[in-house]
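Coordinates in review
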Amino acid sequence: MKYQNILEEEIKNKVAQNYFDKFDCTKILGKIDFAVKMKRKSSNLLSLEDFAGFNAEYLLWAEAKQKSTDIVAMLTQLVLTIGKARTFDEIMPPPFLGCYDNEKIAFVPYSEIQHIFYQNDFNWKITPSDHDTKEFKLVYAQIKKIIDNDIPWNTYLFDFVSDEKELKKFIRDNFVVNKGVNPLAINKLQIDKNNFIIIYNKWLQSVKPSIAVNWTAAKKAGIIDGDFYLADLLSSENASIKDNLFVLLHSNFYEIDRKISETGLFTSSRADFSDNQKAHNQFWARYQRPPHEEYWDYIVNRRDLLVPQDVRERKGSFFTPQIWVELSQRYLADVLGKDWQDEYYVWDCAAGTGNLLAGLTNKYKIWASTLDKADVDAMHDRIDNGANLLHDHVFQFDFLNDEFLPQSKGGKLPDTLFDIIESEKRRKNLLVYINPPYAEGNSNKENKSRSKIHLTNIYAKYKKQLDKVGIELFAQFLVRIYFEISNCKIGQFSTLKVVSGSNSTVFRNCFLAKLEKVFMCQADTFDNVPGQFPIGFFIWNTEKKDKFIDKTADIYNRSGLFIQTKKIFSYDNVKGRINDWLRKYKDKNDNIGILVADAPDFQNNNYITIQNNKGTSHKIYFPVTINNLIEVCVYFAVRKVIPATWLNDRDQFIYPNKKWEADTEFHNDCLTYTIFNNNISSNSGVNHWIPFSETEVNARTTYASHTLITFLSGKITKNGYADLFDPDYLLDAKNKKTAKMNWKKGEKREFSPAATAVFDAGRELWRYYHGIAGQARNDREGLYNVNASLYDIREYFQERNDKGKMNNTSTDTQYTELIGNLRKKLNALAQKIEPKVYEYGFLKA
């Protein structure tokens, strides 16, 4: 280990000195730990940064850690840091992102992960160092997938000791600005696959306003501003060098809308500059055009990243993997019959580039439509190269806005398809086969494009039937199909929101169709769909009017192998959700803590905790008192004892039956689980959650509160009066209050063997803390705290890093053993509680 027992800042200095001494590592770039750029040389010439208006080219942005750390976790934190600050909007991204700790350093090409920064519907406002957030886990999974599948990892990972020569050679060979560039062009910034998006964002501000184009009309024709940018970028001496672009640059004007007329003549339109091309010339004087030829195809193929955010989300660039395409067609054959392709018409009304239709054989019965003209052109190109589709059956159509009108009457639908939709008999044999966009709108004013994407003509027309789920675009597809193509069949990929979500109750009352068959797979097997949740393929028969209640789904792993079945539910026939049940126990007496609750499904379980005070985020803050302590602990344990997985991610916690009320062992198991799992800290207020007496753990003085100890002894129960904040129980003059609390004498609580094992393990940990911290109080002034909670004890031994985050491990081996034993006993207790969660109806089995 090269850098042992030194602070993180010192490691940064040594890495800079030992490996990057020829570069400038002194710049502080926001909250990025380590940045490497070229040293600025004195010259009479304008420098890169002066000329271009950017900082000089960076070569590396990296995350640094003091101790040995998981590489993927470090890279994830770096990506979240960059994405949160949108650093790439202001500064040219480097060729590499990286990370290092006290023993190793790793590099990842920026181009391999830049798409993460442009994914739809992602919350970049979270704390990058918080490993428990849903967003951290999503990005972690994405980066791990890239590293596992796309990168020759041995090329980019180096041990500081054993790989020192290889590391220095890697830096020498790769950390070169504009390698191979014509020296005459050295003062122009090079554009490559790492930075073409950031250049595009600056082009939008500088050049787009000077182009005399009706952008609304252009958008309807399928031409986006990114097409003009590509015309500029892939040009030499102001003339486009690729003729397969949607827009071409000809010196001082653009050629657009190129097509063959009905008379067979080639026609096009012209777009000029409104300022005599002044802004255009000034902007492109900063950059070298065209980029190196090796980048041309990559840039053109990633045109999707140049599509405006609202259009990208409505298109839903969710490429359906071939493995699920094939499986969905097997399921369709099971339901519709082996000759279904000859007996049914097929319309993919959210076709994208048509990959869902791969494998279908009867092209005369297939239609494909999509929002984007570029996708239509791509399918036509595929047809020219042998794809099994008919040219006239592929057309541009905005399913959520355009009318059902045939082309013969000025509409967009091929007359053959329109006739099927209009025929009551024939549309019974129409299969609408889709993987629609999963984007949703919201009321977030800060994300204006996302908040409005659901405001379509279909949303306005069926707002009453959609109700709350109307913000989901795929639900809008379903409601239009159901009401305007009645009695057809639907084969549809989507999340489980319309079948299980609480916001879909009204929709389910209107969408009366028989769910014939369904399978589910993992969401992150789809392109551009991050996350650990299920995506289902649903086959609906809208001719059979049947309200969805439940259905057994087949489950497949990411390799396409069947692994199990699982029942999915609508939850429409339950008494309520678990949060409705919790509200019954709201108590206005003085609290001993706050339960932080959230939406009643597994995906929100990370937010469930118990802390001293209310927070400021939009969560449920439920006061915990002696009167509702057992019920709160039942709620907490029920939500936490079963680990969240991709498969149960959307399962709902519901209003239980009454059997739990008489099970005192279950009460005490949940109480035990919660006592040793909360985030109560004596640094945030009085700790009422100490489970052991001073004598049991050899505390050096008296606690400020004996509330929990008294409750466990049976002296505090419901239905009576007591002053919990009596000096006998609260020895803190500043917090002393008078409060009427429930009080009566009761029997001491009896605990199961599994719960007793948790108390025994906890007692040893508390005892070790009071012994070690108490003895060291003179050496570590003020760190010993007689009122320490479990959180405080963890903080004492694990300490915090220089960024204020509690470390995941401790150097104290005895503590590590004790906390490990406590966690082991808690896991055993959780497994004991788990069957009761289903038996008492908190979850459906």
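Let us look at the packing of aromatic side chains. One pass over the full model with this rule turns up 77 aromatic pairs. Arranged with centres 6.4 Å apart and planes meeting at 20°, the rings of Tyr 200 and Trp 203 form a pair that is stacked. Pair noted here: Tyr 200 and Trp 203 are both in helix α7 (residues 196-206), with a separation of three residues, about one helical turn. Residue Tyr 200 is classed as buried on the basis of its relative accessible area of 5%. These aromatic residues form a ring-pair network of at least three members: Tyr 19, Phe 20, Phe 23, Phe 34, Phe 96, Tyr 100, Phe 107, Tyr 156, Phe 158, Phe 160, Phe 170 and Phe 175. The ring of Phe 404 carries Arg 480 above its face, with NZ or CZ at 3.9 Å from the centroid.

Here we come to the pattern of salt bridges. Under the defined criterion, the tally for this structure stands at 32 salt bridges. Of the charged contacts in the structure, one is a salt bridge between Lys 12 and Asp 33, with a shortest N-O distance of 4.0 Å. Here Lys 12, found in helix α1 (residues 8-19), pairs with Asp 33, found in the loop between β1 (23-24) and β2 (34-38); they are 21 residues apart in sequence, far enough to count as distant. Given a relative accessible area of 14%, Asp 33 falls into the buried group. Glu 484 is the salt-bridge partner of Lys 461, the closest N and O atoms lying 2.9 Å from each other. In this pair, Lys 461 is assigned in helix α18 (residues 457-461) and Glu 484 in helix α20 (residues 473-484), connecting sequence segments 23 residues apart. Take Lys 461: its relative accessible area is 52%, and that puts it in the exposed class. In this structure Glu 484 comes out as buried when scored by relative accessible area, which is 18%. Through salt bridges with shared partners, one network takes in Glu 8, Glu 9, Lys 12 and Asp 33.

Attention now moves to the nonpolar core. Trp 581, Leu 595, Leu 629 and Phe 842 are the most contacted members of the largest nonpolar core, which has 72 residues in total. Setting aside its immediate chain neighbours within four residues, Leu 595 contacts Leu 582, Ile 608, Thr 609, Ile 610, Ile 620, Tyr 621, Phe 622, Val 624, Val 632, Tyr 635 and Phe 636. Within the second largest apolar cluster, 65 residues are counted, among which are Val 108, Ile 113, Ile 191 and Ile 299.

With that settled, the discussion passes to the side chain of Gln 603. For Gln 603, the location among the structural elements is in the loop between β21 (593-597) and β22 (609-611). A polar side-chain atom of Gln 603 sits 3.1 Å from a polar atom in the side chain of Asp 601. At 3.3 Å, the side chain of Gln 603 and the side chain of Arg 650 are in polar contact. Gln 603 has contacts with Lys 134, Asp 649 and Arg 650, leaving out every residue within four places of it along the chain.

Let's shift gears to the sheet that holds strand β23 (residues 620-624). The strands that make up a sheet are held in pairs by hydrogen bonds between backbone atoms, and each pair lies either parallel or antiparallel. What the three strands build is an open sheet, ordered β22-β21-β23; its pairing is antiparallel. Pairing within the sheet leaves two strands with one partner each, and these edge strands are β22 and β23. The sheet shows a mean angle of 30° between the axes of neighbouring strands, direction not considered. Of the strand pairs in this sheet, β21 and β23 are connected by five bridges, and their pairing is antiparallel. Counted as the bridge partner of Gly 593 is Val 624 from β23.

Each value, and the rule that gives it
- Residues numbered from 1 in each chain as written.
- Predicted model: local features only at pLDDT ≥ 70, side-chain atom pairs only at ≥ 80, totals over all residues.
- Heavy atoms only, no water.
- Phe/Tyr/Trp six-rings, centres within 6.5 Å; stacked < 30°, edge-to-face > 60°.
- Helix = DSSP H or I, 4+ residues; strand = E, 2+ residues; numbered from the N terminus.
- Buried < 20%, exposed > 50% of the residue type's maximum accessible area, 1.4 Å probe, protein only.
- Lys NZ or Arg CZ within 6 Å of the ring centre and 35° of its normal.
- Salt bridge = Lys/Arg side-chain N within 4 Å of Asp/Glu carboxyl O.
- Core = buried A, V, L, I, M, F, W, Y, C linked by side-chain atoms within 4.5 Å.
- Contact = heavy atoms within 4.5 Å.
- Polar contact = N/O pair within 3.5 Å; in protein donor to acceptor, adjacent residues only side chain to side chain.
- Pairing = 2+ DSSP bridges.
- Axes fitted to C-alpha atoms, helices over the stretch in contact; angles between N-to-C directions.

Fair warning: the whole summary comes from geometry, so function is off the table for now.
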